[in-house]
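If you want the building blocks of each chain, they are given just below.
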Amino acid sequence: MRLKNGLLKMLFILYGAFFSVKLPAQLNESDTAKMQLRAGISGAWQQGNVELFTLRSRLELVSNGTKSLVFKTQNNSLYQSFGSNKADNDISSRNYLYYQPQARMYPFAMVYLQTNYRRQISNRWFGGAGGTWQFVRSAKSNLKLSGSIVYEETRFKRPEYNEAAYNGNSQIALWRATAYLAGWHQLFEKRLRIYYSAYWQPGISQIHNFRSQIDAGLELPLWKGLNATVVYSFTHEEVVPVLVKQNDRILTFGLGYLFKK
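None of the values given here were measured: they were computed from a predicted structure.

Q: Help me understand the side chain of arginine 58 in this model?
A: Position of arginine 58 relative to the elements: it lies in strand β2 (residues 52-63). We classify arginine 58 as buried; its relative accessible area is 8%. A polar side-chain atom of arginine 58 sits 3.2 Å from a polar atom in the side chain of glutamate 60.

Q: Where do I start with a nonpolar patch on the surface in this structure?
A: Taken together, the side chains of Met35, Leu37, Tyr257 and Phe259 present a nonpolar region at the surface, about 310 Å² in accessible area. Here methionine 35 is to be found in strand β1 (residues 35-46).

Q: Honestly, the pairing of β1 in this entry has me stumped. Any pointers?
A: Both faces of the sheet carry side chains from a regular strand, because those side chains alternate between them. Both β1 and β2 contribute to a ladder of twelve bridges, which runs antiparallel. Considered in β2, the bridge of glutamine 36 is made with valine 62. Remark: five residues form the turn of the hairpin made by β1 and β2, two consecutive strands paired antiparallel; glycine 48 in that turn has positive phi of roughly 120°.

Q: Please clarify how empty space enclosed by the protein should be interpreted in this entry.
A: Empty space left among the atoms is revealed by rolling a probe the size of a water molecule over them. For the coordinates displayed, the defined rule picks out two cavities of 30 Å³ or more. Lining the largest cavity, in full, are Arg124, Glu152, Thr154, Phe156, Ile172, Leu174, Arg176, Asn209, Arg211, Glu237 and Val239. The set of elements that each furnish at least two residues to the lining of the largest cavity consists of β7 (141-156) and β8 (171-187). In terms of residue class, the lining of the largest cavity is made up of four nonpolar, two polar and five charged.

Q: Can you help me understand the pattern of salt bridges in this one?
A: Pairing is possible between side chains of opposite charge, provided their charged atoms come close. Enumeration over the complete set of coordinates arrives at 13 salt bridges. The shortest N-O distance in the salt bridge between arginine 119 and aspartate 248 comes to 3.3 Å. Here the residue arginine 119 occupies a position in the loop between β5 (105-116) and β6 (121-137), and aspartate 248 occupies one in strand β12 (residues 247-260), the gap between them amounting to 129 residues. Judged by its relative accessible area of 4%, arginine 119 is buried. Under the relative-accessibility criterion, aspartate 248 is labelled partly exposed at 22%. Here glutamate 152 and arginine 124 are joined by a salt bridge, their closest N and O atoms 3.9 Å apart. Here glutamate 152 is found in strand β7, whereas its partner arginine 124 is found in strand β6, with 28 residues between them in sequence. Arginine 124 matches glutamate 152 in its accessibility class, with the two residues each being buried.

Cut-off values and rules
- Residue indices follow the written sequence of each chain, beginning from 1 at its first position.
- In keeping with the model being predicted, local features are shown solely for residues with a pLDDT of at least 70 and side-chain atom pairs are shown and tallied solely at 80 or more, while totals for entire chains, interfaces and linings include all residues.
- Heavy atoms throughout the structure, all of them, feed into the side-chain values; hydrogens and water do not.
- For helices the rule is a DSSP run of H or I covering at least 4 residues; for strands it is a run of E covering at least 2, with both sets numbered from the N terminus onward.
- A 1.4 Å probe rolled over the protein chains alone gives each residue an accessible area, and that area as a share of the maximum for its type sets the label: buried under 20%, exposed over 50%, partly exposed in between.
- In protein, a polar contact means a hydrogen-donor-capable atom and an acceptor-capable atom, both N or O and within 3.5 Å, with residues adjacent in sequence counting only if both atoms are side-chain atoms; elsewhere, any N or O pair within 3.5 Å suffices.
- Nonpolar side chains (Val, Leu, Ile, Met, Phe, Trp, Tyr) are joined into patches within 5 Å and like charges within 9 Å, using only residues with over 30% relative accessible area and no salt bridge.
- Surface accessibility follows the Shrake-Rupley procedure with a 1.4 Å probe radius. Residue values consider only the protein chains on display as shielding.
- Only one rule defines a salt bridge in this text: a Lys or Arg side-chain nitrogen within 4 Å of an Asp or Glu carboxyl oxygen.
- Paired strands, as defined in this entry, are two strands with at least two bridges between them according to DSSP.
- Points on a 1 Å grid, built from protein atoms alone, make a cavity when a 1.4 Å probe fits but cannot get out and make a pocket when they are open with protein on both sides within 12 Å along at least 5 of 7 lines; residues with an atom within 4 Å of a point are the lining residues.
- Grid points are joined across faces, edges and corners, and a volume is the space filled by probe spheres set on the points.
- As a working rule, the residues Ala, Val, Leu, Ile, Met, Phe, Trp, Tyr, Cys and Pro are called nonpolar, Asp, Glu, Lys and Arg charged, and the rest polar, with Gly in that last group.

Structure below.
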């Protein structure tokens, strides 16, 4: 039975590696390429005195079918188990529609879909619109600042929270503002790429309810679009179910692949 389970896990790893490989650096919607595809994977599998299985993957696509409208989708998954205890089983899908993103300032609309096992979120979605300002734009660097307003609905597995005003409600709905900063830089004649992003989402309500996240990473080109990657992520959620911690940190290592046409 243990051998059978091990083979199934190995097949799962190979399946994930073929279809969606982990990669943290975001594709640039302002690029003039008609299509950009980025995929990556990182994971671990250990049996014996300690049984561990983890798989984190990402698939990102930018389609520039017209001169004015650009569609971008970012899809992530994370699965982790320790022995027979599942620790994570998450899916995240971020989808954007940009209007003339080659300009220094441009508008966008977005829809996010998420689940989070660790934070006991059965499902979350939010959508809205905003604008982006690219205040640094060159062949070696890019910096942009965005702001938006979104409506959000989150369904939790447990209706008891660290913020007592929400107790008894399995679903929390509210409007949020979002401030977002992102950038990347190519160094040492494109031998190293660093990137980072951060956002802050305060709730537009009388209850103190905000979220924040910081991602930072390195990308080292290896061969014909293949890259070695390292990324650190920090997330904070102010309102969580009881017994759930507000902060999460994760450091991952992996491989990624970039395709442009």
